[in-house]
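An overview of the molecular structure
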Amino acid sequence: LSLAVRGNDPETIDELLPLYAAVSLIDHGDLDIPIRDTYHPDFYAESPSGKYYPKFGPGQALILAPLAAIGHFWSDAGADPAERGRLIIHAALFFGCLVVPLIGFLAFQLWRQLGYASDVSAVSAILLMTTSQLLPYSRSLFGDLSCAGLAFSAFVSIARMDAGHSWRAGMAGARLGLAVM
């Protein structure tokens, strides 16, 4: 389903800024945005050193960096910058295609563990993916999907926690902390 609704291009500057920061991280190890978009000056913060950073936290950029690196790897070293950018964008847009099914799988596993039948768990997981905002957001690079995935996986860890496995609580807390970032 996520592949069926996958978009071809990000629709807003809000989506592109974390991706720009991810590419910058790959290119020169910093989350700054080398080229400032003058049409949206409020979307950037200028550091004392004169570098521009997106108004968002670094979390989504760090999450998108591996996919951006795949797009970077696919493009030739001498590739046209526009072609390189398209490959990076298309690789990054697979993010939603990975996260939404993962959330559905976690939901299915949790409901099975809680004692629901496989068919009920499967239908519930599919309904979760298709009737919530997960599927529409799978088209975008917004951080909302990252937050949903991290928060839901934290919830699943807490729901599965039992005596002697308090490390699950620590892992759930770490995921919630990443969701805030």
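Residues numbered from 1 in each chain as written. Predicted model: local features only at pLDDT ≥ 70, side-chain atom pairs only at ≥ 80, totals over all residues. Heavy atoms only, no water.

Regarding the overall build of the protein
This is how it is decided: The secondary structure listing takes helices from DSSP runs of H or I that are at least 4 residues long and strands from runs of E that are at least 2 residues long, numbered from the N terminus. Burial classes follow relative accessibility: with a 1.4 Å probe on protein chains only, a residue under 20% of its type's maximum area counts as buried, one over 50% as exposed, and anything between as partly exposed. What makes two residues a contact is simply this: any of their non-hydrogen atoms within 4.5 Å. Exposure was quantified through the Shrake-Rupley algorithm and a 1.4 Å probe, taking into account, for residues, occlusion by the shown protein chains and nothing else.
Check the secondary structure of the protein and you find 9 helices and 2 strands. Starting at the N terminus and walking to the C terminus, you meet the elements of the protein as α-α-β-β-α-α-α-α-α-α-α. Counting over 181 residues, the protein shows a buried share of 36%. Within the protein, residue pairs in contact and separated by at least 24 positions form 62% of the contacts whose partners lie at least 6 positions apart. Summing over all exposed atoms, the protein offers an accessible surface of approximately 10000 Å²; the carbon and sulfur share of this is 64%.

Digging into the pattern of salt bridges
Definition in use: A pair is scored as a salt bridge if a Lys or Arg side-chain nitrogen falls within 4 Å of a carboxyl oxygen belonging to Asp or Glu.
All chains considered together, the criterion is met by 1 salt bridge. In this structure, the salt-bridge partner of K51 is D30, at a minimum N-O distance of 2.9 Å. Placement of the pair is K51 in the loop between β1 (44-46) and β2 (52-54) and D30 in the loop between α2 (13-28) and β1, with a sequence separation of 21 residues. For K51, a relative accessible area of 34% corresponds to the partly exposed category.

Details of helix α5 (residues 95-113)
This is how it is decided: A helix is expected to span 1.5 Å for every residue after the first.
With 19 residues, α5 extends 27 Å between its outermost C-alpha atoms, agreeing within 8% with the 27 Å of an ideal straight helix rising 1.5 Å per residue. Among the residues of α5, those classed as buried are F95, G96, C97, V99, V100, I103, G104, L106, A107 and L110. Following α5 by one or two positions, G115 has its phi on the positive side, about 100°.

Topic: the packing of aromatic side chains
Put simply, the rule reads: Two rings from Phe, Tyr or Trp (for Trp, the six-membered ring) form a pair when their centres sit within 6.5 Å of each other. Planes less than 30 degrees apart are called stacked, planes more than 60 degrees apart edge-to-face, and all others tilted.
Evaluation of the coordinates by the stated rule reveals 2 aromatic pairs. Between Y137 and F142, the ring centres sit 6.1 Å apart and the planes meet at 65°, which makes this aromatic pair edge-to-face. In this structure Y137 comes out as partly exposed when scored by relative accessible area, which is 28%. Judged by relative accessible area, F142 falls into the partly exposed class, the value being 22%. Between F152 and F155, the aromatic rings sit 6.1 Å apart at their centres with planes inclined by 40°, giving tilted as the arrangement. Note that F152 and F155 are positioned in helix α8 (residues 144-159) at a spacing of 3 residues, about one turn of the helix. The exposure class of F152 is buried, given its relative accessible area of 17%. Residue classification places F155 among the partly exposed residues on the basis of a relative accessible area of 48%.

Considering the packing of α5 against α8
Formally: Each axis is a line fitted through C-alpha atoms, and for a helix only the stretch in contact is used; angles between axes span 0 to 180 degrees, taken between their N-to-C directions. In this scheme, roughly parallel covers angles under 35 degrees and roughly antiparallel covers those over 145, while 65 to 115 is roughly perpendicular and the rest are oblique. A clockwise turn of the near helix away from the far one marks a right-handed crossing, whereas an anticlockwise turn of less than a right angle marks a left-handed crossing. Amino acids are sorted into nonpolar (Ala, Val, Leu, Ile, Met, Phe, Trp, Tyr, Cys and Pro), charged (Asp, Glu, Lys and Arg) and polar (every other residue, Gly among them).
Orientation of α5 relative to α8, taken along the N-to-C sense of each, is 20°, at an axis distance of 10 Å. Comparing the axis directions of α5 and α8 gives the class roughly parallel. Read as a crossing pair, α5 and α8 show a hand that is left-handed. Facing α5, whose interface residues are F95, G96, V99, V100, I103, L106, A107 and L110, α8 presents L145, S146, A148, G149, F152, S153, F155, V156 and A159. Among the residues making up the contact of α5 with α8, the classes are represented as 13 nonpolar, 4 polar and no charged.

Notes on the layout of surface pockets
Condition: Here a cavity denotes grid points, spaced 1 Å and computed from the protein atoms alone, that fit a 1.4 Å probe unable to get out, and a pocket denotes an open set having protein on both sides within 12 Å along at least 5 of 7 lines; residues with an atom within 4 Å of a point are the lining. Grid points are joined across faces, edges and corners, and a volume is the space filled by probe spheres set on the points.
When its volume is computed, the second largest pocket comes out at roughly 220 Å³. Lining the second largest pocket we find 16 residues, and of these F56, G57, Q60, G143 and M181 sit closest to its centre. For the lining of the second largest pocket, the elements supplying multiple residues, two or more each, are α2, α3 (59-74), α8 and α9 (167-180). Among the elements that line the lining of the second largest pocket, the one with the most residues is α8, at 4 residues. Grouping the amino acids of the lining of the second largest pocket by side-chain chemistry returns 9 nonpolar, 5 polar and 2 charged.

Examining the nonpolar core
Test applied: Side-chain atoms within 4.5 Å link the members of a nonpolar core, which is a set of buried Ala, Val, Leu, Ile, Met, Phe, Trp, Tyr and Cys residues.
Ranked by internal contacts, the top residues of the largest apolar core, which has 26 residues, are L19, L64, A68, F95, L141, L145 and F152. Taken together, the elements giving at least two residues each to this core come down to α2, α3, α4 (81-92), α5, α6 (118-131) and α8. At 7 residues, the largest contribution of residues to this core is made by α5. Filtering out sequence-adjacent residues up to four positions away, F152 remains in contact with I103, L106, A107 and L128. Within the second largest apolar cluster, 7 residues are counted, among which are I13, L17, F43 and A61.

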